[in-house]
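# A structural walkthrough
One letter stands for each residue in the lines below.
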Amino acid sequence: MYVYLVFTKTGTWLSKILRILMKTNYAHVSLSLEESLISMYSFGRIHPNNPLSGGFVQENLYEGVFKKFSACECAVYRLKITEQQYSALSDEILRFMVNRDCYKYNFLGLFAAGMNVPLKRRNRYFCSQFVSELLIRSCILTSQNPPELVRPTDLLQIESKEKIFEGLTQAYMAPVKLTGVGTGSMLDMDL
């Protein structure tokens, strides 16, 4: 079993600023439980045209920000995990999905992290904070830094990951056909 980490470079103003400040190509990270990446989970724009409408998002490469910025660059990595880790991660994602309206984007925490100051705010996350917290809670990742200080560049340093793709999101999408039918898992349900 695998969990997939998807690092992306979109054309949003926040992405451009973060790439400059962090000196990295990828400013956003999502995670997925399926290689097709039809369902990815992160914190980002809820409405693609409104940069201030941030929160928990179920993303895919066909809609939202990825549709608006269709020439996104991405790097996709996979981590081998146990069934127990997969189950724990699925439960964590489901908890976020059920309570999605309670969560907001952690803009203040993002900028505090840039100054190396951990700022944990109740029900507020930025993308790498969310991904790292779920990986830690699921016993997939151990980190010396609290999730409030984890950046996408830190997640790129995970040694046990395996790169399976790097290029334009459109190229990754090419072999995948969106049929409108999920894999049948609980996470495919629109809660």
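See the structure above.
Attention here is on the structure that accompanies the text. None of the values given here were measured: they were computed from a predicted structure. (Residues numbered from 1 in each chain as written. Predicted model: local features only at pLDDT ≥ 70, side-chain atom pairs only at ≥ 80, totals over all residues. Heavy atoms only, no water.)

### A closer look at the packing of aromatic side chains
Spelled out, the test is: Stacked, edge-to-face and tilted labels apply to pairs of Phe, Tyr and Trp rings (six-membered ring for Trp) whose centres lie within 6.5 Å, assigned for plane angles under 30 degrees, over 60, and everything in between, in that order. Each helix corresponds to a stretch of at least 4 residues labelled H or I by DSSP, and each strand to a stretch of at least 2 residues labelled E; elements are numbered beginning at the N terminus. Burial classification: accessible surface area is computed with a 1.4 Å probe over protein chains only, and a residue below 20% of its type maximum counts as buried, one above 50% as exposed, and the rest as partly exposed. Only when the NZ of Lys or the CZ of Arg is both within 6 Å of the ring centre and within 35 degrees of the ring normal is a charge said to sit over the ring.
Evaluated as defined, the whole model comprises 17 aromatic pairs. Judged by centre distance (6.2 Å) and plane angle (90°), the rings of Phe43 and Tyr103 are edge-to-face. Residue Phe43 is located in strand β3 (residues 40-45), and its partner Tyr103 is located in the loop between α3 (83-98) and β6 (104-105); the two are separated by 60 residues in the primary sequence. As far as burial versus exposure is concerned, Phe43 and Tyr103 are alike and both buried. Plain terms: the ring middles of Tyr125 and Phe130 are 6.4 Å apart, the flat faces sit at 80° to each other, and that makes the pair edge-to-face. Look at Tyr125 and you get buried, because its relative accessible area is 7%. Each member of the aromatic cluster is reached from another via a ring pair, and the members are Tyr41, Phe43, Phe56, Phe96, Tyr103, Tyr125 and Phe130. Positioned over the ring face of Tyr2 is Arg78, at 4.1 Å from the centre of the ring.

### Re helix α5 (residues 127-137)
Counting buried residues along α5, nine of its 11 residues qualify, which places the element largely inside the surrounding structure. When α5 is considered as a whole, its buried residues turn out to be Cys127, Ser128, Gln129, Phe130, Val131, Ser132, Glu133, Leu134 and Leu135. Looking one or two places after α5, you find Cys139, whose phi comes out positive at around 60°.

So, to be careful, I would describe these as geometric facts and stop short of saying anything about function.
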